[in-house]
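Coordinate inspection notes
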Amino acid sequence: MRAGTARTATTGRTARSARSAGRPRPGVAARLLAAAQAVAAVVVLVRLARGRRRLPPLAAPEPDTSPDTRARGGSAAWTGHGGTRGGGSPEISVVIPARDEERRLGPCLRAVLADPAVTEVIVVDDESSDGTARIAAARGATVVRGRPLPDGWVGKQWALHQGLREARGEIVVTLDADTRPRPGLFGALDAALGDHDLVSAGPRFVCDGLAEQALHASFLATLVYRFGPIGPPAPPPPHRVVANGQCLAFRREAMRRADGFARVRGHMTDDVALARTLAADGWRVGFLDAGGLLEVDMHESAAEVWREWGRSLPLRDVTRPAWQAADLAVVWLAAALPALRLAAGRPTRLDLTLLAVRVLLTTALRRSYARPGAGVLLSFLLDPATAVRLTQATLRPVRTWRSRAYSLGRPAFADAVTRGARPAPPDRNAPR
């Protein structure tokens, strides 16, 4: 009986050994890849966890229906940080840089000019070849004819620099021509400037078509994986600050003293360059959710999303090479690799976990779109293509925009954060 048992045990061990011999053991490279993916997963989970304590989104101020307001005129006014309009509220200038924006400028101007919180609207016509200036003037905006682009400047910064010099309002809001502000946006930005020196508003995106929406949502997910959700409760270090240049708000005199647009004159990623430069100066930079008050129709097709948004998302000219490599590694390991292995039918347990996280993120991203559809839900399938595009744009950056080609070299990282003398941070107790 004992001999039979021994022979059976020996036979079992032999069979298991044979099966183990037939199964390839993971090599060093595979183990290192698994370890790197585990690290990337932890990084993504930590960043996503910040979303549980985000700052509240921008909201339209409540109308002031106090007896004093009714006595003054009988109509409700909007209460911002500085009080009611006509009763101490600061003047707001809106500056819109526009180059060949004939097709997109009209809806933006219509919404801005209808807002009673806005004191003046300035459109800087950046040497357009179409009817941009004519449309702006016909709508009632003040048109500033942009002067020729100086050497070393990118067009948008030059247009904003000129618009800021013309603005008279205590508060300046810059908008891109493709934005669609809703009533209450400017009052909400005024209120937010009570806690911040520079406010960047995150919009709700208009994306029509399955492919355009899927690719756009895939690109958007990479921003969350690299920097966390919008509205972080604690400011990140200056070199990790992000912003949305489609809508910025600041105090006019503080920006003039900082000479912000001139200091980032040569950056293609102008919005992040400006935010990081000012954050390094001590400015309180807030990137806040404004989806209920602002929509943006950025692109007309998936091809345009791939070409235009894909060129700027790597943030190459404002990020150290080490951080660029780390950010790309997170995108490849935590987003692209799980999708590729799923398509090959060989996902690991960690891949399945990361795919589940990505699906949960997709659910949250639906709120970032005006009309979310199947494209947002299917966006994770395009994560490998998105990783390829980010890598391509990092290695071979494009230096063209709106029919202009820029021969500027890549600025040193120090110039990406500080250019010229560093001014003092804005006066926190400046009268409003």
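Residues numbered from 1 in each chain as written. Predicted model: local features only at pLDDT ≥ 70, side-chain atom pairs only at ≥ 80, totals over all residues. Heavy atoms only, no water.

Topic: helix 5 (residues 132–139)
This is how it is decided: When accessible area is computed with a 1.4 Å probe and restricted to protein chains, residues below 20% of their type maximum are described as buried, those above 50% as exposed, and intermediate ones as partly exposed. Here a strand is any run of E in DSSP of at least two residues, a helix any run of H or I of at least four, and the numbering for each starts at the N terminus. The reported arc concerns the directions from the helix axis to the C-beta atoms and nothing else. Working rule for contacts: check all heavy atoms of both residues, and any pair within 4.5 Å makes them a contact.
Along helix 5, the positions that sit buried rather than exposed are Thr132, Ala133, Ile135 and Ala136. Buried residues of helix 5, viewed axially, fall in a sector of 165°; they line one side. Turned more than 90 degrees away from the buried face of helix 5, the exposed residues are Arg134 and Ala138. Of the surrounding secondary structure, the elements contacted by the buried residues of helix 5 are strand 4 (92–98), helix 4 (105–113), strand 5 (120–125) and strand 6 (142–145).

Describing the sheet that holds strand 12 (residues 285–289)
Note the following rule: Strands qualify as paired when DSSP identifies two bridges or more between them. Whenever a helix is involved, its axis is fitted only over the stretch in contact; in every case the axis is a line through C-alpha atoms, and angles between N-to-C directions fall within 0 to 180 degrees.
Reading across the sheet, the 7 strands line up as 6-5-4-7-11-9-12 and stay open at both edges, with mixed pairing between neighbours. Because the sheet does not close on itself, it has two edges, and the strands there are strand 6 and strand 12. For this sheet the average axis-to-axis angle between neighbouring strands, irrespective of direction, equals 20°. In this sheet, strand 11 (residues 247–251) lies alongside strand 7 (residues 171–175) in antiparallel orientation, the contact comprising 5 bridges. Each bridged residue has a counterpart across the sheet, and for leucine 175 the counterpart in strand 11 is cysteine 247. The strands touched by helix 7 (residues 185–192) within the sheet are strand 4, strand 7, strand 9 (198–202), strand 11 and strand 12, with strand 7 carrying the most contacts at an inclination of about 125°.

What about the environment of arginine 54?
Note that arginine 54 resides in the loop between helix 2 (28–49) and strand 1 (63–64). Separated by 177 residues in the primary sequence, arginine 54 and glycine 231 place their C-alpha atoms 5.1 Å from one another. Apart from residues lying up to four places away in sequence, arginine 54 is in contact with Pro229, Ile230, Gly231, Pro233 and Arg367.

Things to note about the sheet that holds strand 13 (residues 294–296)
An order of 8-13-10 is seen for the 3 strands of this open sheet, with the pairing classed as mixed. Two strands close off the open sheet at either side, each with one partner strand: strand 8 (179–181) and strand 10 (204–205). Where strand 10 and strand 13 come together, 2 bridges link them in parallel fashion. Bridged to phenylalanine 205 within strand 13 is valine 296.

Structural notes on the packing of helix 2 against helix 14 (residues 349–365)
Our working definition: Orientation categories follow fixed angle ranges, with anything under 35 degrees roughly parallel, anything over 145 roughly antiparallel, 65 to 115 roughly perpendicular, and all other angles oblique. Rotating anticlockwise by less than a right angle from the far helix to the near helix defines a left-handed crossing, while the corresponding clockwise rotation defines a right-handed one.
For the pair helix 2 and helix 14, interaxial distance at closest approach is 11 Å and the crossing angle is 25°. In this view, helix 2 runs roughly parallel relative to helix 14, as classed from their interaxial angle. At the point where helix 2 passes helix 14, the crossing takes the left-handed sense. Residue-level contacts link Ala34, Gln37, Ala38, Ala41, Leu45 and Leu48 of helix 2 to Leu350, Asp351, Leu354, Val357 and Leu361 of helix 14.

Examining the pattern of salt bridges
Test applied: Salt bridge criterion: a side-chain nitrogen from Lys or Arg within 4 Å of a carboxyl oxygen from Asp or Glu.
Overall, the coordinates contain 22 salt bridges when judged by the stated rule. A salt bridge links aspartate 327 to arginine 240; the nearest nitrogen and oxygen atoms lie 3.1 Å apart. Highlighted residues: aspartate 327 in helix 13 (residues 321–344) and arginine 240 in the loop between helix 8 (210–227) and strand 11, separated in sequence by 87 residues. For the residue pair aspartate 327 and arginine 240, the accessibility class agrees, reading buried in each case. A cluster of three or more residues bridged by salt bridges with shared partners is formed by Glu101, Arg104 and Asp178.

Some remarks on unusual backbone geometry
Unusually for a residue other than glycine, glutamate 127 sits at a positive phi of about 55°. Position of glutamate 127 relative to the elements: it lies in the loop between strand 5 and helix 5. A relative accessible area of 37% places glutamate 127 in the partly exposed class.

Regarding the state of the cysteines
To keep things clear, this is the line we draw: A pair of cysteine sulfur atoms is labelled a disulfide when the two atoms are within 2.5 Å.
Under the definition given, this model contains 0 disulfides. Between cysteine 247, a cysteine without a disulfide, and cysteine 108, which holds the nearest cysteine sulfur, the sulfur-to-sulfur distance is 9.6 Å.

Structural notes on helix 8
We apply this condition: By definition here, a helix of n residues has an expected span of 1.5 Å times n minus one.
In this model, helix 8 (18 residues) spans 26 Å end to end at C-alpha, consistent with the 26 Å of a helix rising 1.5 Å per residue. Counted residue by residue, helix 8 has 15 buried out of 18 residues, so it is predominantly covered. Phi for glycine 228, located one or two positions after helix 8, is positive at around 85°.

A word on a nonpolar patch on the surface
To keep it simple, the criterion reads: Patch membership is restricted to residues that have no salt bridge and whose relative accessible area is over 30%. Joining uses 9 Å for like charges and 5 Å for the nonpolar side chains Val, Leu, Ile, Met, Phe, Trp and Tyr. Only the protein chains shown count as cover for residues, and the accessible areas themselves come from Shrake-Rupley with a 1.4 Å probe.
A surface patch of nonpolar side chains, amounting to about 380 Å² of accessible area, comprises Leu210, Leu377, Leu378 and Leu381. Structurally, the position occupied by leucine 381 is in the loop between helix 15 (374–377) and helix 16 (383–395).

Quick look at the packing of helix 2 against helix 8
Inclusion rule: Polarity classes work like this: nonpolar for Ala, Val, Leu, Ile, Met, Phe, Trp, Tyr, Cys and Pro, charged for Asp, Glu, Lys and Arg, and polar for all others, with Gly in that last group.
Remark: helix 2 packs on helix 8, axes separated minimally by 7 Å, with the N-to-C direction vectors making an angle of 95°. Considered as vectors, helix 2 and helix 8 are oriented roughly perpendicular to each other. Between helix 2 and helix 8, the contacting residues are Val44, Arg47 and Leu48 on the first element and Val224, Tyr225, Arg226 and Phe227 on the second. A per-class count over the contact of helix 2 with helix 8 returns 5 nonpolar, no polar and 2 charged.

Some points on the side chain of arginine 252
So the rule is basically this: Under the rule applied, a polar contact is a pair of N or O atoms within 3.5 Å (in protein, one hydrogen donor and one hydrogen acceptor; residues adjacent in sequence only if both atoms are side-chain atoms).
Considering the arrangement of structural elements, one finds arginine 252 in helix 9 (residues 252–258). Here glutamate 253 takes part through its side chain, which lies 3.0 Å from a polar atom of the side chain of arginine 252. Contacts of arginine 252, omitting those with residues within four sequence positions, involve Leu164, Ala167, Arg168, Gly169, Glu170 and Val172.

A short note on the environment of phenylalanine 287
As for its placement among the helices and strands, phenylalanine 287 is situated in strand 12. The sequence separation of phenylalanine 287 and histidine 196 amounts to 91 residues, and the corresponding C-alpha distance is 9.6 Å. Leaving out residues up to four positions away in the same chain, phenylalanine 287 has contacts with Ser200, Ala201, Gly202, Ile230, Gly231, Pro232, Val242, Ala243 and Asn244.

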